[in-house]
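Observations on chain architecture
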Amino acid sequence: MNINILYEDADILVCVKPAGTASQTKQSLRQDMVSLLRNYRHAKNEEPYIGLVHRLDQPVEGILAFGKHAKSTAALNRQLQQGDFSKVYLAVTEGRMSAQEGTLLNYLKKDGRSNRSTVVKKEDPQAKKAELVYRLLETDESCRPVHNLVKVRLLTGRHHQIRVQMAHFGTPLAGDVKYGRQQMRSDLGLCACGLEFKHPYRNKKMRFSIAPSQPVFQKFGSIIMNHSDILFI
């Protein structure tokens, strides 16, 4: 598989994870980004170290940043823990949005057996705070239910967070068989389109953006053409 690398230097590597590929997996017969990048570095006669900093769900296309050695990985992880990673998504949701923009704050509980997360009360001992901000960019009235193009900025990073919170809000992601209305598997309307962080050594702000390639986004092509302009404002 060809790897779409957006940036690489001696310390970090930023690339696009295709939808359907795991960030990392223990299943030996499945491709994952960590293994692919290790093979890529090995083919260049480099030390095949790849430090995983953050993940994306397997059905989600999007930008991932990796460390190329232990120190850069640790530095990126510190930024992530301190909330200095800015992660922006474009999502296609189903159903009418009750507000043009807003903040969703819930508490989520993960069930490892079913690989699902649910909204629970704050008092639940396993509850973890989940917060995001969203803005409605465009609505397609020709669909039933209507489809919306929504920009989402994550303020926390929880298991299936956007999928769970949007479903709880009454506007599940298009194509989501786990939390939405979809009965048959199809493209998931979610793409990690924007990533911003500080280079661990160069004191430089790093900003990356991509346009989603999944067919579910095609109906919003005119606004997505300007995706780099709308993501970070």
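The coordinates are above.
Heads up: these notes are all about the structure in this document. Everything quoted here is computed from the prediction, not taken from an experiment.

**Structural notes on the packing of aromatic side chains**
In total, this model carries four aromatic pairs according to the counting rule given. With a centroid separation of 6.0 Å and an interplanar angle of 50°, the aromatic rings of Y7 and F208 are classed as tilted. Residue Y7 is located in strand β1 (residues 4-8), and its partner F208 is located in strand β11 (residues 205-209); the two are separated by 201 residues in the primary sequence. Residue classification places F208 among the buried positions, given a relative accessible area of 9%.

**Here's the deal with the pattern of salt bridges**
Summed over the entire model, instances satisfying the criterion amount to 13 salt bridges. With its nearest N and O atoms 2.8 Å apart, the salt bridge here joins E8 to K68. In this pair, E8 sits in strand β1 while K68 sits in the loop between β4 (61-67) and α2 (70-81), placing the two residues 60 residues apart along the sequence. In this structure E8 comes out as partly exposed when scored by relative accessible area, which is 25%.

**Concerning the pairing of β4**
Burial analysis of β4 places seven of its seven residues in the buried class, which makes it a mostly covered element. Of the strand pairs in this sheet, strand β2 (residues 12-17) and β4 are connected by six bridges, and their pairing is antiparallel. Residue pairing for β4: V16 is matched across the bridge by I63. Pairing analysis gives two bridges linking strand β3 (residues 51-52) to β4, with the strands arranged antiparallel. Across the sheet, residue G51 finds its bridge partner in β4, namely G67.

**Quick word on unusual backbone geometry**
The step from R144 to P145 runs through a cis peptide bond, and the omega angle for that step is 0°. With respect to the helices and strands, the residue P145 is situated in the loop between β8 (128-140) and β9 (147-154). For N115, which is not glycine, the phi dihedral falls at a positive 55°. Within the chain, N203 stands out as a residue other than glycine whose phi angle is a positive 50°. Taking the relative accessible area as the measure of exposure, N203 reaches 61% and is therefore exposed.

**Section: the environment of A174**
Mapped onto the fold, A174 is located in the loop between α3 (161-168) and β10 (190-198). Sequence separation between A174 and D187 is 13 residues, and the spatial gap between their C-alpha atoms is 7.8 Å. Other than its neighbours up to four places away in sequence, A174 contacts V92, T93, E94, H147, D187, L188, G189 and V216.

**Let's talk about the state of the cysteines**
Summed over the entire model, instances satisfying the criterion amount to zero disulfides. With no disulfide partner, C191 has as its closest neighbouring cysteine sulfur the one in C193, 3.4 Å distant. We classify C193 as buried; its relative accessible area is 0%.

Definitions and cut-offs
- Here the residue index of a chain counts from 1 through its sequence in written order.
- Totals for whole chains, interfaces and linings use every residue, but because this is a predicted model, local features are given only for residues with pLDDT of at least 70 and side-chain atom pairs only at 80 or more, for both listing and counting.
- Note that water and hydrogens are dropped before the side-chain values are worked out from all heavy atoms of the structure.
- Think of it this way: a Phe, Tyr or Trp ring, Trp meaning its six-membered ring, pairs with another when their centres are within 6.5 Å, and the plane angle makes it stacked under 30 degrees, edge-to-face over 60, tilted otherwise.
- The helix count covers DSSP runs of H or I at least four residues long, the strand count covers runs of E at least two residues long, and both are numbered beginning at the N terminus.
- To sort residues, take the accessible area from a 1.4 Å probe on protein chains only and compare it with the maximum for the residue type: under 20% means buried, over 50% means exposed, and anything in between is partly exposed.
- The rule for a salt bridge is simple: a side-chain nitrogen of Lys or Arg has to be within 4 Å of a carboxyl oxygen of Asp or Glu.
- Following DSSP output, two strands are said to pair if at least two bridges run between them.
- Pairs of residues are marked as contacts when any of their non-hydrogen atoms sit within 4.5 Å.
- Here, two cysteine sulfur atoms that lie within 2.5 Å of each other are counted as a disulfide.

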